[in-house]
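This is what each chain is made of:
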Amino acid sequence: MVGSSTRSRLVVIAVVVLAVVGTVPVLVAAQSNGQTGGTVVVEEGETVETLEGIGGSVVVRGTVTNDVSAVGGDVRVERTGSVGGDLEAAGGSVTISGAVEGDVDVGAGSLTIAENGTVGQDLTAGVGSATIDGTVEGDAEIGAETIRLGESASIAGNLRYDGDLEGNTDAVAGDIVEDSSLGVDVAPTVQPFASWLFTAYALAVNLLLGAALLALFPRFSDGVADRVASGPVRSGLAGLLVFVGIPVLLIALAITVIGLPLSLVGGFAFGLLLWIGTIYGRFAVAAWLLSLVRLGNRWLALVVGLVAGAALGRLPVPFVGGAINLLVLLLGLGALVRALYGHWRAGRKRGREQRAGSDESAAE
């Protein structure tokens, strides 16, 4: 039987996790290229009110009735897609092949408005390169190294620009004004800033969940850290087994029609397990290192571990930071699973002892 205090802790941790996940439109742990993020897709025939993406790609094939905001990744409004409000993007590349009814404000590596692409109002862009083959119904203000106007391009208002203007200047119905104050160095500074912004956001979210875990389950958390310190090889191997084995099991379940719903639920649970395992791994390794210099504060270990993990993800050589973070994840995941198994075995043992005691009392 689960005690009332345990139930309360589980409720609180569930609320924290749901609140955190609810603030992140995409939460995918992927450090292979030094970025953290995923992909948000509005499929053809799907309609959403607003769309926000942080740290990952945004693809609009359906309808967004209001605004689209994206930081840190690529943005594509495809031919079948439409945005009823404004589009604001800072990050990699922006491609508009569909319709954006409002303003477009872009700071990115590149901007492409394809032949079928339409901007319903004004366009403002600070990019590395801009290619316009579609339609801008309002004014355009572009700072870029290269600005190319295609034969099918159409700008209904004025064009204010800085950079090398090439191609069909007859596409501009209004005035064309060169303005060196716009600058062409906007785009190279936007993507690193956006990426750092997401790193800081992810760190804050991890600190929130980590603090909840330590506050609600202090003894269990210490037990996970102890398992990493006392048996790193055993924990690492257990983590590797879980890391590889569970996805294989989920794929096997997904192949069967009956097992598909189970695999979907299991996929979400596995993602949550990886997240918690990452936090516990960084906490445990930091706790062990701090113990070497006689610092045994669990809260300090949490902060040091998570900050160090975030810093590793920002290393100029992504492979090094990614490899270390993967190793720490395997340690934390294995220690977490071992602790959960130990807790389950202890619970079963207590249950048997209680039943044995009840039987003896009844016999007397």
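Quantities reported herein were computed from a predicted structural model and do not represent experimental measurements.

Scanning the chain for helices and strands turns up seven helices and 18 strands. Looking at the chain as a whole, 40% of its 364 residues qualify as buried. Residue pairs at least 24 apart in sequence account for 30% of intrachain contacts in the chain once pairs closer than 6 positions are excluded. When the accessible surface of the chain is summed, it comes to about 19,000 Å², and 60% of that surface belongs to carbon and sulfur atoms.

The next subject is the pairing of strand β6 (residues 68-71). A one-sided burial pattern is seen for β6, the buried positions being V68 and A70 and the unburied ones S69 and V71. Here four bridges tie β6 to strand β9 (residues 87-96), and the two strands are oriented parallel to one another. Residue pairing in the sheet places S69 in a bridge with E88 of β9.

Any two side chains of opposite charge can pair, given that their charged atoms come close. For the structure shown, the criterion picks out six salt bridges. Here E43 ties to R61 by a salt bridge, and the two come within 3.2 Å at their closest N and O atoms. With E43 in the loop between β1 (39-42) and β2 (47-48) and R61 in the loop between β4 (57-60) and β5 (63-64), this residue pair connects regions lying 18 residues apart in the sequence. Looking at E43, the relative accessible area reads 39%, which means it is partly exposed. Note on R61: relative accessible area 26%, which makes it partly exposed. D133 is the partner of R148 in a salt bridge, and the nearest nitrogen-oxygen pair spans 3.1 Å. On the criterion of sequence distance, the pair formed by R148 in strand β15 (residues 140-149) and D133 in the loop between β13 (123-132) and β14 (135-136) is long-range, its members being 15 residues apart.

A separate point is the nonpolar core. Core analysis: the biggest nonpolar cluster contains 39 residues, and L87, V94, L123 and I142 have the highest contact counts within it. Sequence-distant contacts of L123, defined by excluding residues within four places in its chain, comprise V104, L111, I113, I132, V136, D139, A140, E141 and I142. Ranked by size, the runner-up nonpolar core spans 32 residues in total, among them I276, Y280, A301 and L336.

Examined against the element boundaries, D179 turns out to sit in the loop between β18 (176-178) and α2 (186-216). Engagement of the side chain of D179 in a polar contact is seen with the side chain of R160, the distance being 3.4 Å. Setting aside its immediate chain neighbours within four residues, D179 contacts R160, Y161 and D162.

Quick look at the confidence of the model for the chain now. For the chain, per-residue confidence averages 81 on the pLDDT scale, and 81% of positions sit at 70 or higher. Within the model, pLDDT remains below 50 along residues 10-37, and this stretch shows 45 contacts once partners closer than five positions in the same chain are excluded. Taken together, the stretch residues 184-191 has pLDDT below 50 and engages in 18 contacts with residues farther than four places along the chain or on a different chain.

It is the contact of helix α5 (residues 260-292) with helix α6 (residues 298-312), at a shortest axis distance of 7 Å, that shows an interaxial angle of 115°. Here α5 and α6 pass one another in a crossing that is right-handed. Two secondary-structure elements touch here, α5 through I279, R282, F283, A286, A287 and L290 and α6 through R298, L300, A301, L302, V304, G305, L306, G309 and A310. Here the residues of the contact of α5 with α6 are counted per class, giving 11 nonpolar, two polar and two charged.

In this section: unusual backbone geometry. Despite not being glycine, R294 shows a phi value in the positive range, around 60°. Checked against the element boundaries, R294 lands in the loop between α5 and α6. Accessibility expressed as a relative area gives 78% for R294, which makes it exposed.

Okay, the sheet that holds β2 next. Read across the open sheet, the seven strands follow the order β2-β5-β8-β10-β12-β14-β16; overall the sheet is parallel. Looking at the sheet topology across the chains shown, the edges are occupied by β2 and β16 (154-155). Pairing analysis gives two bridges linking β5 to strand β8 (residues 82-83), with the strands arranged parallel. Bridging across to β8, T63 finds its partner in S82.

For helix α4 (residues 232-255), spanning 24 residues, the distance from its first C-alpha to its last is 35 Å, which sits close to the expected 34 Å at 1.5 Å a residue. Every buried residue of α4 is accounted for by S235, G236, A238, G239, V242 and L250.

The next thing to look at is the environment of L250. Along the polypeptide, L250 turns up in helix α4. Between the C-alpha atoms of L250 and G267, which are 17 residues apart in sequence, the distance is 7.1 Å. Once you skip the residues sitting within four places of it in the chain, L250 turns out to touch S263, G266, G267 and F270.

Another point: the UniProt feature "transmembrane region" (unreviewed entry) in the chain. As recorded in UniProt, the sites labelled "transmembrane region" (unreviewed entry) are residues 193-217, 237-262, 268-292, 299-317 and 323-341. Counted over residues 237-262, helix gives 85% and strand 0%. Its end C-alpha atoms are 26 Å apart.

Rules of the game
- Residues numbered from 1 in each chain as written.
- Predicted model: local features only at pLDDT ≥ 70, side-chain atom pairs only at ≥ 80, totals over all residues.
- Heavy atoms only, no water.
- Helix = DSSP H or I, 4+ residues; strand = E, 2+ residues; numbered from the N terminus.
- Buried < 20%, exposed > 50% of the residue type's maximum accessible area, 1.4 Å probe, protein only.
- Contact = heavy atoms within 4.5 Å.
- Areas by Shrake-Rupley, 256 points an atom, 1.4 Å probe, with all protein chains shown as cover.
- Pairing = 2+ DSSP bridges.
- Salt bridge = Lys/Arg side-chain N within 4 Å of Asp/Glu carboxyl O.
- Core = buried A, V, L, I, M, F, W, Y, C linked by side-chain atoms within 4.5 Å.
- Polar contact = N/O pair within 3.5 Å; in protein donor to acceptor, adjacent residues only side chain to side chain.
- pLDDT = per-residue confidence, 0-100.
- Axes fitted to C-alpha atoms, helices over the stretch in contact; angles between N-to-C directions.
- Left-handed = near helix turned anticlockwise from the far one by under 90°.
- Nonpolar A, V, L, I, M, F, W, Y, C, P; charged D, E, K, R; others polar.
- Expected span 1.5 Å × (residues − 1).
- UniProt positions renumbered as here; feature names shortened; annotations may be inferred.

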